[in-house]
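Chain and residue survey
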Amino acid sequence: MAPRTLVVVCGLLAACSREKVLDTQGPVAPEVKAYVRNLELTGTEIKAHEAFSGSQLVEITGKVTNKGDKTVGQVDVVCIFYDMTNREVSRQRVALVRGNTAPLKPGDSRPFRLPFDDLPKDWNQAPPQLVIAAIKFV
C-alpha cells in the first residue's frame, strides 16, 4: 500500500505556546483530524545564539511522541511567530519527523530541533505557536 499524505488544518500546540486553534482553511480528513491528538509535543524549549555571520540563530527543541496506533513517516508543523502587539510576523513550515528518517512507530518518541536564522527583528522573543500542518502515514 502506498504512503498517504494527509493535510491537518486543526491545531496542536506545544505546551509553552498559545491556546489551541482550529484553522478552517480547507477540508480535514477525518482520519487525520482524529489522529492529531495522538502526536504529543513535550519539553519544548527555545534558545537563541549568535551565528558566525553575526545574525541570531533561534532553535526550538523538544520531543514528539506518537501515542496512537499508526506509524507516522512525516510530521510537518507551522511555527507562527508574533510581535509585541500579538501580530503575526513570521510563519514557517518545517518538518518534525522527516520522510527520509526512520518512521515514528506507535509509542515511539523522538527529539526535534528546529533552527531559524531569518526571524524579523520585531519578533517578541516568545516561543512560537506550533501547529501540525501535515501527517504522512506509512
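You'll find the structure just up there.
What counts as what
- Residues numbered from 1 in each chain as written.
- Predicted model: local features only at pLDDT ≥ 70, side-chain atom pairs only at ≥ 80, totals over all residues.
- Heavy atoms only, no water.
- Core = buried A, V, L, I, M, F, W, Y, C linked by side-chain atoms within 4.5 Å.
- Buried < 20%, exposed > 50% of the residue type's maximum accessible area, 1.4 Å probe, protein only.
- Helix = DSSP H or I, 4+ residues; strand = E, 2+ residues; numbered from the N terminus.
- Contact = heavy atoms within 4.5 Å.
- Polar contact = N/O pair within 3.5 Å; in protein donor to acceptor, adjacent residues only side chain to side chain.
- Salt bridge = Lys/Arg side-chain N within 4 Å of Asp/Glu carboxyl O.
- Pairing = 2+ DSSP bridges.
- Phe/Tyr/Trp six-rings, centres within 6.5 Å; stacked < 30°, edge-to-face > 60°.

Let us look at the nonpolar core. Of all hydrophobic cores here, the largest spans 25 residues; its most connected members are Val72, Leu96, Leu114, Phe116 and Ile135. Those elements that provide at least two residues to this core are helix 1 (30–35), strand 2 (39–50), strand 3 (56–66), strand 4 (72–82), strand 5 (88–97), strand 6 (109–116) and strand 7 (129–137). Broken down by element, this core gets its largest block of residues, 5 residues, from strand 4. Contact partners of Leu96, with chain neighbours within four places excluded, come to Leu41, Val64, Val75, Asp76, Val77, Phe112 and Leu114. Val78, Ile80, Tyr82 and Val131 belong to the second largest nonpolar core, which has 5 residues in total.

Glancing now at the side chain of Glu59. Tracing the backbone through its elements, the reader meets Glu59 in strand 3. Looking at Glu59, its side chain comes within polar contact range of the side chain of Arg113, at 2.7 Å. Setting aside chain neighbours within four positions, we find Glu59 in contact with Glu45, Ile46, Lys47, His49, Arg113, Leu114 and Pro115.

Our next topic: the pattern of salt bridges. The full count for this structure, using the stated rule, is 8 salt bridges. Glu31 is the salt-bridge partner of Lys70, the closest N and O atoms lying 3.6 Å from each other. Residue Lys70 is located in the loop between strand 3 and strand 4, and its partner Glu31 is located in helix 1; the two are separated by 39 residues in the primary sequence. As a salt-bridge pair, Asp122 and Arg87 come within 3.4 Å of each other at their nearest N and O atoms. On the criterion of sequence distance, the pair formed by Asp122 in the loop between strand 6 and strand 7 and Arg87 in the loop between strand 4 and strand 5 is long-range, its members being 35 residues apart.

Here the focus is the side chain of Gln92. Mapped onto the elements of the fold, Gln92 is located in strand 5. Separated by 3.2 Å, the side chains of Gln92 and Ser90 make a polar contact.

We now examine the pairing of strand 4. Counting buried positions along strand 4 gives 10 out of 11 residues, so the element sits mostly inside the fold. Sheet analysis places strand 4 next to strand 7, joined by 8 bridges and oriented antiparallel. When the bridges of strand 7 are listed, Cys79 appears paired with Leu130. Connecting the antiparallel pair strand 4 and strand 5 is a turn made up of 5 residues, with Asn86 showing a positive phi of about 70°.

To continue, consider the packing of aromatic side chains. Scanning all chains against the criterion turns up 3 aromatic pairs. On the numbers, 5.2 Å between centres and 75° between planes, the contact of Phe81 with Phe116 is edge-to-face. With Phe81 in strand 4 and Phe116 in strand 6, this pair connects stretches of sequence that are 35 residues apart. Judged by its relative accessible area of 0%, Phe81 is buried. For Phe116, a relative accessible area of 2% translates into the label buried. Between Phe81 and Trp123, the aromatic rings sit 5.6 Å apart at their centres with planes inclined by 85°, giving edge-to-face as the arrangement. Of this pair, Phe81 sits in strand 4 while Trp123 sits in the loop between strand 6 and strand 7, and the two are 42 residues apart along the sequence. Grouping aromatic residues by their ring pairs yields a cluster made of Phe81, Phe116 and Trp123.

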